[in-house]
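Observations on the model geometry
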Amino acid sequence: MKKKFSINSTKFLLVGNPNTGKTTLFNSLTKSNEHVGNWHGVTVSEKEKDFIIEDTRNTLVDLPGLYSLTPLSYEEEVGADYIMNNLSSPVINICDINNLKKNLFLTLQVAEINKNIILFINTFKNKNKIKKQIINTEKNLNKLGIKYFIGDANNKKDVLLFKNLLLNIFISKKLKNNLLNFNYLNNNNINLIKSIIVENCYKNNLDPNYMVTRLLENDKKAEEKLNLNAQKKEYLNKIIKKNNFIELNKKRFNFINNLFEKNEEKIIYGKSILDKIFLNKFFALPIFFGILFLIFYLTFFSVGASLSNLLREFIQNVIGGKFISWLQSVCDIIWIIDLFETGIIGGVGTLLAFLPQVILLFFFLSLIEDSGYLARIAFLFEDIFAKVGLSGKSVYTLLMSFGCGTTATLTARNMEDKNAKIKTALLTPYMSCSAKLPIYAVIGGAFFGANNVFIIFALYILGIIIALLLSLILEQKFLKSKEQSFILEFPAYRIPSFIRVIKILWENLKLFLIRIGTLIFTLNIIIWILQSFSFSLKFVQTNPNEVSILQGIGSVLAPIFSPIGFGNWGAVSALIAGLAAKEIIVSSIAMINGIDVMGDNMKNQTMRSIIDPAAAICFSPAGALSFMLFCLLYSPCLPTISVFKKEIGKKWTFFAILIQFLLAYTVCLILYNIYILVEIWEGLKILICFFTIFIIIISILSLINRIKNKKFCNYNCNKCGKCKK
Amino acid sequence: MQIISLNQCEKNRQYLIDYIDTTNLAISRRLTELGFIEKTSLKIVQFSALRKTLLIEIEGYILSLRSSVAEMIKVRK
């Protein structure tokens with residue numbers, strides 16, 4: 001029986017500081033799975049969803065995290081504007097029970113202009129564990145006069161109780177919100193200001209009450225929106241002091257502080273003994289690199305590789321083998337069999353087998369984000385980032401790029417500075433994404449065997465270093481950042497919740513499968529067609545004198561790539577295919593070299609084939625390294641390019657692609673020739689020696705630097721003139 | 001009583017805020033919105049390696065600030 005819902009639908013706004021559990025509450029109320037993260041900036045636009053309370057259908061809007069209604073970044077502006085345009089909608093203000101004083105500032109700002117507000121005090125854990133804290137919180141909030149609910153946004157029972165409260169207050173209106181008296185606003189000439197601006201407000205579709213508080217906070221942007229004439233502006237300047245916001249905010253905090261007992265037990269949110277290790281002067285960076293290396297090892301080898309092999313065997317033997325045998329028995333058209341065998345199962349199957357490794361990678365990334373360690377990483381690298389014109393906030397975007405650069409670029413919207421946002425976006429392709437994972441595994445694995453873990457690690461690090469250098473150059477010449485604030489709250493460490501992590505994995509699994517099933521599948525078939533048929537549409541396998549379309553195109557371009565070690569048509573064709581999506585590169589190699597789905601392990605076959613000089617695509621060790629590097633650097637994939645166009649504009653997108661091609665070619669040219677030289681002198685060992693010596697030198701230099709500074713200065717002001725302070 | 005900028009302060013010592021330098025309107029306003037107002041007590045928990053970033057403990061939570069922003073916060077020694 002379908003439930004009938006009453007027509008009256010109320011729109012609720014979900015408002016709160018970043019990281020208070022808004023999206024968790026949103027998910028719980030609407031039973032959806034929007035991405036939750038322990039890092040502010042994860043919700044980048046409003047999200048609206050219906051949710052049901054008893055027999056009423058309502059809408060819930062999840063807004064980005066706000067510290068105040070005066071925005072500093074684009075995402076905050078979105079949130080603040082939405083609140084202004086929906087002042088008749090009730091607001092659910094979510095607060096963190098551990099950080100109430102700071103959270104209540106936004107509460108006051110919103111309550112001043114929207115009386116329909118209710119607080120959800122998120123406990124983040126079972127209420128029974130913090131009974132004393134809850135009693136204290138209730139004592140304090142009862143003085144405030146706003147209706148509130150204390151509970152865990154993740155707990156079904158709590159959320160149900162909260163829903164009932166919403167029903168009674170806002171929908172059936174059985175309970176009333178107390179009238180709030182903000183006496184600190186009384187001396188502020190509010191009515192006078194309102195009368196000055198009311199006309200402009202109505203002309204520009206702005207709410208007068210909202211605009212009055214903006215003006216009292218010296219919000220210049222809001223003032224511009226009013227389009228006041230010179231006379232009104234002058235009048236306002238006389239009434240409102242230049243730094244009125246200081247007085248106003250002081251009064252607001254005094255109001256908040258009066259709710260709390262003077263010497264209340266203080267748990268410092270975000271403080272942890274663990275930081276003595278993770279932020280330790282000497283151990284912090286080694287620990288970070290150690291963790292990174294561990295992630296690599298687990299993903300590319302041990303766990304990841306074993307799972308991938310299992311899946312690969314399943315695809316080949318169970319699906320591939322049986323299906324192809326059946327197909328061969330009912331159909332004798334060669335190209336159809338080849339399409340399924342090489343094109344679909346060989347091509348797409350090779351990629352599907354990497355699923356466990358991709359998922360593992362996302363798993364580790366989400367652990368870092370969810371546990372709170374990400375903020376520590378941002379802190380550790382803030383200094384370097386500042387020098388190259390980025391901020392610690394870029395860390396999240398860049399870290400997520402190791403998973404998928406397209407979705408990561410979208411998170412850059414939370415950057416306050418436009419140039420920093422563009423720079424961050426431009427750098428995401430250098431953080432080797434998960435689509436390139438198969439390339440390193442297969443090609444690297446063929447030539448470097450057990451040493452591959454170091455090669456892959458070095459490739460990732462090289463990508464990061466190049467990105468930082470690029471950012472430095474951009475900062476100096478083209479994209480200077482304004483002074484950015486970089487104010488970042490430190491979240492508490494938390495044990496990542498099993499449910500949360502599973503949800504993230506499931507999300508990424510879905511995305512991966514959809515991407516493989518649609519874009520990659522289609523591209524694979526196109527590539528298969530191009531490499532199976534000649535220009536006159538004859539099937540190449542049965543007409544040995546014909547050359548496939550792909551070979552035709554590839555051969556023309558191949559000589560360009562000889563100086564960098566892979567001047568054969570197959571490799572070049574794979575690269576062209578890779579422009580659309582990086583996953584295609586490995587499946588192209590598998591298809592072009594022709595692997596037998598019914599034969600030995602597909603990955604091993606592919607690896608053996610690229611060493612075989614007789615194969616269509618083959619490499620020398622130097623060429624292989626060069627090819628992997630080229631794939632790392634050369635161009636963003638199509639989805640990323642389209643996101644770039646939207647986020648940073650056509651000009652910078654074009655710039656990004658151009659720079660990547662030039663950089664890829666140059667770096668590969670240098671490295672390939674160095675490798676050739678080095679090969680003559682016992683190869684890899686020397687390379688690794690150089691790398692190690694390089695790192696040791698850098699460490700010694702920085703240690704010397706630190707000791708030098710300590711010797712002379714006791715005052716830590718960083719202006720070291722060996723002062724007389 | 002001397003008044004100095006926060007980034008000239010020592011680690012692990014309580015200071016009282018005297019005033020916020022309002023040369024940069026947007027950032028100083030954000031600081032006040034986060035609780036950095038007159039007579040609030042705070043403490044530096046950690047400096048970054050190159051001392052360009054500070055970890056501050058204020059009013060029950062931890063915040064990471066750039067040295068250039070910390071300079072706007074004037075405290076009483």
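Use the structure listed above.
Cut-offs and rules
Residues numbered from 1 in each chain as written. Chains lettered and ligands numbered in written order. Predicted model: local features only at pLDDT ≥ 70, side-chain atom pairs only at ≥ 80, totals over all residues. Heavy atoms only, no water. Helix = DSSP H or I, 4+ residues; strand = E, 2+ residues; numbered from the N terminus. Rg over C-alpha atoms; globule rule 2.2 N^0.38 Å. Buried < 20%, exposed > 50% of the residue type's maximum accessible area, 1.4 Å probe, protein only. Contact = heavy atoms within 4.5 Å. Areas by Shrake-Rupley, 256 points an atom, 1.4 Å probe, with all protein chains shown as cover. Lys, Arg positive; Asp, Glu negative; His and termini not counted. Charge placed at Lys NZ, Arg CZ, Asp CG, Glu CD. Axes fitted to C-alpha atoms, helices over the stretch in contact; angles between N-to-C directions. Parallel < 35°, antiparallel > 145°, perpendicular 65-115°, else oblique. Left-handed = near helix turned anticlockwise from the far one by under 90°. Salt bridge = Lys/Arg side-chain N within 4 Å of Asp/Glu carboxyl O. Buried area = accessible area lost by both parts, 1.4 Å probe. Nonpolar A, V, L, I, M, F, W, Y, C, P; charged D, E, K, R; others polar. Pairing = 2+ DSSP bridges. Core = buried A, V, L, I, M, F, W, Y, C linked by side-chain atoms within 4.5 Å. Expected span 1.5 Å × (residues − 1). Arc of directions from axis to C-beta. Right-handed = clockwise from strand over helix to strand, strands pointing away. Phe/Tyr/Trp six-rings, centres within 6.5 Å; stacked < 30°, edge-to-face > 60°.

Moving on to the overall build of chain A. If you tally the helices and strands in chain A, you get 29 helices and seven strands. The C-alpha atoms of chain A give a radius of gyration of 30 Å, which matches the 27 Å a tight globule of 725 residues would have. By its C-alpha atoms, chain A is 90 × 85 × 55 Å across when sized along the principal axes. Classification of the 725 residues of chain A by burial places 56% in the buried group. Within chain A, contacts between residues at least 6 apart in sequence are counted, and of these 74% link residues at least 24 apart. Roughly 33,400 Å² of accessible area belongs to chain A as shown, and the carbon and sulfur atoms make up 63% of that amount. Across chain A, the 80 positively charged side chains and the 50 negatively charged ones have centroids separated by 7 Å.

You will see that Phe124(A), though not glycine, has its phi angle at about 65 degrees, which is positive. One can find Phe124(A) in the loop between strand E5 (117–122) and helix H4 (131–142).

So, on to the packing of helix H14 (residues 334–352) of chain A against helix H22 (residues 498–532) of chain A. Residues and elements named next belong to chain A. Relative orientation of the contacting elements H14 and H22 amounts to 140 degrees, with a least axis distance of 9 Å. It follows that H14 is oblique to H22 by the angle criterion. As for the relative orientation of H14 and H22, their crossing is right-handed in sense. Contacts between H14 and H22 pair Trp335, Asp338, Leu339, Thr342, Gly343, Ile344, Gly347, Val348, Leu351 and Leu352 from the former with Phe512, Leu513, Ile516, Ile520, Phe521, Asn524, Ile525, Trp528 and Ser532 from the latter.

One pass over the full model with this rule turns up 24 salt bridges over all chains. A salt bridge links Arg252(A) to Glu112(A); the shortest N-O distance between them is 2.8 Å. On the criterion of sequence distance, the pair formed by Arg252(A) in helix H10 (residues 244–257) and Glu112(A) in helix H3 (residues 100–113) is long-range, its members being 140 residues apart. In this structure Arg252(A) comes out as buried when scored by relative accessible area, which is 0%. Linking Lys271(A) and Glu57(B) is a salt bridge whose minimum nitrogen-to-oxygen distance equals 2.7 Å. Of the two residues, Lys271(A) sits in the loop between H10 and helix H11 (275–278) while Glu57(B) sits in strand E4 (residues 53–58), which places them in two different chains. Assessed through its relative accessible area of 40%, Lys271(A) is described here as partly exposed. Glu57(B) sits in the buried class, given a relative accessible area of 11%.

Contacts between the two partners involve 51 residues from chain A, matched on the other side by 40 residues from chain B. Across the chain A to chain B interface the summed buried area is about 4,200 Å²; carbon plus sulfur atoms make up 56%. Linking chain A to chain B there are five salt bridges. As a salt-bridge pair, Lys101(A) and Glu59(B) come within 3.2 Å of each other at their nearest N and O atoms. Counting residues per element, the ones that place at least two in the side of chain A that touches chain B are H3, H10, helix H16 (373–387) and strand E7 (488–489) of chain A. Considering only residue class, the side of chain A that touches chain B consists of 20 nonpolar, 15 polar and 16 charged. Relative to strand E5 (residues 61–66) of chain B, E7(A) is paired through two bridges, and the arrangement is antiparallel. Its bridge partner being in E5(B), Leu488(A) is matched across the sheet by Ser64(B).

This part takes up the environment of Leu355(A). Residues and elements named next belong to chain A. Following the sequence through the fold, Leu355 ends up in helix H15 (residues 355–371). Separated by 279 residues in sequence, Leu355 and Glu76 place their C-alpha atoms 36 Å apart. Sequence-distant contacts of Leu355, defined by excluding residues within four places in its chain, comprise Leu311, Leu509, Phe512 and Leu513.

Residue and element names in this part refer to chain A. With 128 residues, the main nonpolar core has Phe619 and Phe627 as its most contacted residues. Sorting elements by how many residues they give to this core places helix H21 (residues 452–477) first, with eleven residues. Every residue in contact with Phe627, bar those within four places of it in the chain, is listed here: Ile443, Phe566, Ala571, Leu575, Ile585, Ile589 and Phe619.

Moving on to H4(A). Residue and element names in this part refer to chain A. Between the first and last C-alpha of H4 there are 16 Å, a value that for twelve residues agrees with the 16 Å anticipated at 1.5 Å per step. Turning to H4, its buried residues number three or more, namely Gln133, Ile134, Thr137, Asn140 and Leu141. Take H4 and look down its axis: the buried residues cluster within an arc of 125 degrees, on one side only. Residues of H4 that are exposed and point over 90 degrees away from its buried face: Lys131, Lys132, Ile135 and Asn142. Summarising the contacts, the buried residues of H4 are in contact with H3, E5 and strand E6 (148–151).

Side chains Tyr148(A) and Ile150(A) project from E6(A) onto one buried face, and the interleaved Phe149(A) and Gly151(A) project onto a second face that is buried too. Remark: the E5(A)/H4(A)/E6(A) crossover connection has right-handed handedness.

Attention shifts here to the packing of aromatic side chains. All names here are of chain A. Counted according to the given criterion, the structure contains 34 aromatic pairs over all chains. Ring plane angle 55 degrees and centroid distance 5.5 Å describe the contact between Phe533 and Phe539, whose orientation is recorded as tilted. Judged by its relative accessible area of 13%, Phe533 falls in the buried class. For the pair Trp652 and Phe655, a centre-to-centre distance of 5.2 Å together with 80 degrees between the ring planes defines the contact as edge-to-face. Pair noted here: Trp652 and Phe655 are both in helix H28 (residues 638–680), with a separation of three residues, about one helical turn.

Right, let's talk about the sheet that holds strand E2 (residues 47–53) of chain A for a bit. Sheets are built from strands paired through backbone hydrogen bonds, the pairs being either parallel or antiparallel. Residues and elements named next belong to chain A. Spatial ordering of the open sheet is given by E2-E3-E1-E4-E5-E6, a layout of six strands whose pairing is mixed. For this open sheet the edge positions go to E2 and E6, each flanked by a neighbour on one side alone. Sheet twist, expressed as the average angle between the axes of neighbouring strands with direction ignored, equals 25 degrees. The pairing of strand E4 (residues 91–96) with E5 spans six bridges and is classified as parallel. The residue of E5 that forms the bridge with Ile92 is Ile118.

Spatially, E7(A)-E5(B)-E4(B)-E3(B)-E2(B)-E6(B)-E1(B) is the arrangement adopted by the seven strands of the open sheet, whose pairing is antiparallel. Two strands in the sheet have a free side with no partner beyond their single neighbour: E7 of chain A together with strand E1 (3–5) of chain B. Direction of pairing for strand E3 (residues 41–47) of chain B relative to E4(B): antiparallel, over a ladder of five bridges. Each residue of the ladder has a partner; that of Gln46(B), found in E4(B), is Leu55(B). Along the sheet face, H16(A) touches E7 of chain A together with E3, E4 and E5 of chain B and points at about 140 degrees away from the line of E4(B).

What follows is about the environment of Leu505(A). All names here are of chain A. Mapped onto the secondary structure, Leu505 falls in helix H22. Assessed through its relative accessible area of 15%, Leu505 is described here as buried. Each C-alpha atom, one on Leu505 and one on Ala441, is 22 Å from the other, the two residues being 64 residues apart in sequence. Among residues more than four places away in sequence, those in contact with Leu505 are Ile359 and Phe363.

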